[in-house]
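Below are the chains, spelled out letter by letter.
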Amino acid sequence: MKNITLLLVALSMLSACDFATKHITTNQPIQSEYKMGEQWVWHWERAVDGHVRDEGRDTQKVVRYNGDLGFWNGIDTVLVAKTLLPDNSATPFRDWPLFVGKKWQYESTWENNEGTTGKTAQDVEVVAYEALKVKGGTFKAYKLIYQGIVTNSRGFKGEMTDTWWYAPELKTYIKHINEDGHGVYTNELISYTNATAL
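All values derive from a computational prediction rather than experimental measurement.

Of regular secondary structure, the protein chain possesses two helices and ten strands. Counting helices and strands in the order they occur from the N terminus, the protein chain gives α-β-β-β-β-α-β-β-β-β-β-β. Considering the protein chain as a whole, with its 198 residues, one finds that 35% of them fall into the buried category. Within the protein chain, counting contacts between residues at least 6 apart in sequence, those at least 24 apart form 47% of the total. Accessible area of the protein chain: about 12200 Å², with a carbon and sulfur share of 52%.

Put into C-alpha cells, the structure is as follows:
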C-alpha cells in the first residue's frame, strides 16, 4: 500500500511539472534587459552527405553605440532598440509571447548576396519547453519547428525545416538546425558572457 501511495505522489508531481511547463509564457525581451559587455558566440557549419563543407563563428556583443546600446557582430553595429521593434506582420518570424502549443505562419521574401531573390513560407509550432545542453552550457529553451517551402528566382522550389531553440534566460537562440534536402546547417551557442561576470 505504501508503494502505491508513493507512486501516486510521484505521478502527481510529474503531472504538476508538466502542467507548469505547458503554461509558461515568454514575452519579447526589452532593451533594459541587455547589459554592456554581454556576449554570445555561436559555431556554425554546413554539412552535405555527412561531410562538413564550411564552418565559422558568429558573435554578438552589447556595446555602447551612438549614445545608446548596440549589438556588434565583429563588423557592423546596430542599435538594440532597432532590433526590438515590433513585427506587425501577419506572418512574423517570432510571434510573441511564446508558449508550448502556439502555432502561426511565417513568410519572408529575401535576396542573397548574389542577387537571387526568394520566398520562405513555413508553418510554425512551439513544440516543447525543455533543458538543452549545448557547448555553451545547459539552458531551458523553447523548441520551435518551422516547416514549409522555399522558392527562388532561379526556379528552385523545395521543402525546408528549421528547428530553433530559444532560451529566455539568454534572450536569444542557443541552437538552430536547417534542413533543406541538400544539406544540414547547424548553429550552436559555444559561449555566453554575462555582463555581471565582467
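So much for the structure itself; the text now carries on.
Taken as a whole, this structure holds 14 aromatic pairs when the rule is applied. Arranged with centres 6.3 Å apart and planes meeting at 65°, the rings of Y34 and W40 form a pair that is edge-to-face. The pair Y34 / W40 is uniform in exposure class, with both members buried. An aromatic cluster is defined as three or more aromatic residues linked by ring pairs; in this entry it consists of W42, F93, W104, Y106, Y146, W164 and Y173. Between R94 and the ring centre of W164, over which it is positioned, the NZ or CZ distance is 5.6 Å. The cationic tip of K175 hangs over the ring face of W165; the distance from NZ or CZ to the ring centre is 5.9 Å.

Now for the pairing of strand β10 (residues 184-193). It is a general feature of regular strands that their side chains alternate between the two faces of the sheet. Here strand β1 (residues 39-48) pairs with β10 via nine bridges, running antiparallel. Across the sheet, residue W40 finds its bridge partner in β10, namely Y192. Looking at chain direction, strand β9 (residues 172-179) and β10 are connected through five bridges and run antiparallel. Within β10, the position partnered with E179 by the bridge is V184. The antiparallel hairpin formed by β9 and β10 contains four residues in its connecting segment, where G181 sits at a positive phi of about 90°.

Empty pockets left among the atoms are what a rolling probe the size of a water molecule brings to light. Put simply, the largest pocket is a space of about 870 Å³. Considering the residues around the largest pocket, the lining is formed by 27 residues, among which T83, F93, R94, W96 and T172 are closest to the centre. When residues of the lining of the largest pocket are traced back to their parent elements, those giving at least two are β2 (51-65), β8 (157-167) and β9. Of the residues forming the lining of the largest pocket, the biggest block, four residues, is contributed by β2. Each residue belonging to the lining of the largest pocket can be placed in one class, and the counts come to 14 nonpolar, seven polar and six charged. Put simply, the second largest pocket is a space of about 470 Å³. Considering the residues around the second largest pocket, the lining is formed by 20 residues, among which M160, D162, H176, N178 and Y185 are closest to the centre.

Take the sheet that holds strand β4 (residues 77-79) next. Strand order in this open sheet of ten strands is β4-β3-β2-β1-β10-β9-β8-β7-β6-β5, and the pairing throughout is antiparallel. Single-partner strands in this sheet number two, and they are β4 and β5 (103-111). Put simply, the sheet's adjacent strands are angled 25° from each other on average, direction ignored. Of the pairings in the sheet, the one linking β2 to strand β3 (residues 68-72) comprises five bridges and is antiparallel in character. Bridging from a neighbouring strand, V62 pairs with F71 of β3.

For the rest of this paragraph, the subject is the confidence of the model for the protein chain. Here the protein chain shows a mean pLDDT of 90. Residues at 70 or above account for 87%. Below pLDDT 50 for its whole length, residues 7-11 participates in zero contacts with residues either more than four positions away or in separate chains.

Where β5 lies against strand β6 (residues 117-134), nine bridges are found, and the strand directions are antiparallel. Paired with Y106 across the bridge in β6 is Q122. The antiparallel hairpin formed by β5 and β6 contains five residues in its connecting segment, where G115 sits at a positive phi of about 90°. As paired strands, β6 and strand β7 (residues 137-152) are joined by 16 bridges and run antiparallel to one another. From the neighbouring strand, A121 faces β7, where its bridge partner is I149.

About the cut-offs
As a convention, each chain's residues are numbered from 1 in the sequence order in which they are written. Since the coordinates come from a predicted model, pLDDT governs what is reported: local features require at least 70, and pairs of side-chain atoms require 80 or more to be given and counted, while whole-chain, interface and lining totals use all residues. Neither water nor hydrogens contribute to the side-chain values; these are computed over all heavy atoms in the structure. Strands here mean DSSP runs of E at least two residues long; helices mean DSSP runs of H or I at least four residues long; both are numbered from the N terminus. Three exposure classes are used, based on accessible area relative to the maximum for each residue type with a 1.4 Å probe and protein chains only: buried under 20%, partly exposed in between, and exposed over 50%. Residue contacts are defined here by distance: any two heavy atoms, one from each residue, within 4.5 Å place the two residues in contact. Note on areas: Shrake-Rupley with a 1.4 Å probe; residue coverage comes only from the protein chains shown. Between the rings of Phe, Tyr and Trp (Trp by its six-membered ring), a pair exists once the centres lie within 6.5 Å; its type follows the angle of the planes, with under 30 degrees stacked, over 60 edge-to-face, and the other angles tilted. Charge-over-ring placement is defined geometrically: NZ (Lys) or CZ (Arg) within 6 Å of the ring centre, and within 35 degrees of the ring normal. Paired strands, in this sense, are two strands between which DSSP finds at least two bridges. In this analysis a 1.4 Å probe is tested at points of a 1 Å grid over the protein atoms alone, and where it fits but cannot get out there is a cavity; an open set with protein on both sides within 12 Å along at least five of seven lines is a pocket; lining residues have an atom within 4 Å of a point. Grid points are joined across faces, edges and corners, and a volume is the space filled by probe spheres set on the points. Charged means Asp, Glu, Lys or Arg here, nonpolar means Ala, Val, Leu, Ile, Met, Phe, Trp, Tyr, Cys or Pro, and polar covers whatever is left, Gly included. Every axis in this analysis is a line fitted to C-alpha atoms, fitted for helices over the stretch in contact. Angles between the N-to-C directions lie between 0 and 180 degrees. Confidence scores labelled pLDDT are given residue by residue by the predictor and lie between 0 and 100.

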